[in-house]
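Summary of the model geometry
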Amino acid sequence: MLESQRTEVQPSYPPYNIELVSEDKFRIVMALAGFDRAEVEIVAERDTLHVTGRKQKDEQQRTYLHRGIAARDFEQRFQLANHVKVTTASFDNGMLTIELVREVPEVLKPRKIVIDAAEGSNVQALEQRQAA
């Protein structure tokens, strides 16, 4: 997920960060100034995460002398790596935070093969590395 995001040219709106929290945990933080929680939708579908913002039309007619806050509709897509799932999402003070975790099934994890062991005891699961 991280490698593909670095190499592809991504739209600059809205700005976002992708953080490596620990070996199997990630965080996406998006700055959504001017958006309300009800105007943002998050959908995880297979290996893609879609974040969409649809700004409500302002009933009040405004005259801007300077307009620096974009507040326009957006759709941002993130390609997720195998076995990466969204665990939580929160929206606080205009910042959308999406927590992700990689959960590799036991059957797909590497296994250590013991040489010359008694029959039936020759396969052991590798110990998980301690987070640094």
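The paragraphs below set out a description of the structure included in this document. (Residues numbered from 1 in each chain as written. Predicted model: local features only at pLDDT ≥ 70, side-chain atom pairs only at ≥ 80, totals over all residues. Heavy atoms only, no water.)

**Here we look at the packing of aromatic side chains**
Threshold: Pairs were defined over the aromatic rings of Phe, Tyr and Trp, the Trp ring being its six-membered one, requiring ring centres within 6.5 Å. Orientation was assigned from the angle between planes: stacked under 30 degrees, edge-to-face over 60, tilted for the rest. Counting from the N terminus, the helices are the DSSP runs of H or I reaching at least four residues and the strands are the DSSP runs of E reaching at least two.
All chains considered together, the criterion is met by 3 aromatic pairs. Between Tyr16 and Phe78, the aromatic rings sit 5.1 Å apart at their centres with planes inclined by 90°, giving edge-to-face as the arrangement. Note that Tyr16 is positioned in strand β1 (residues 16-22) and Phe78 in strand β5 (residues 74-79), a separation of 62 residues in sequence. Here the aromatic rings of Phe35 and Phe74 are separated by 5.4 Å at their centres, their planes lie at 80°, and the arrangement is edge-to-face. Pair noted here: Phe35 is in the loop between β2 (25-31) and β3 (40-45) and Phe74 is in strand β5, with a separation of 39 residues, a long-range link.

**Some thoughts on the sheet that holds strand β4 (residues 48-53)**
Using the following cut-off: At least two DSSP bridges between two strands are needed for those strands to be called paired. Axis definition: a line fit to C-alpha positions, over the contact stretch in the case of helices; interaxial angles, taken between N-to-C directions, run 0 to 180 degrees.
Spatial strand order, β3-β4-β5: 3 strands in an open sheet with antiparallel pairing. Of all strands in the sheet, those bounded by a partner on one side alone are β3 and β5. Strand-to-strand twist across the sheet, computed as the mean angle between neighbouring axes with direction ignored, equals 15°. Relative to β5, β4 runs antiparallel, the two sharing 6 bridges. Residue pairing for β5: Gly53 is matched across the bridge by Phe74.

As far as function goes, none of this settles anything; it's purely spatial.
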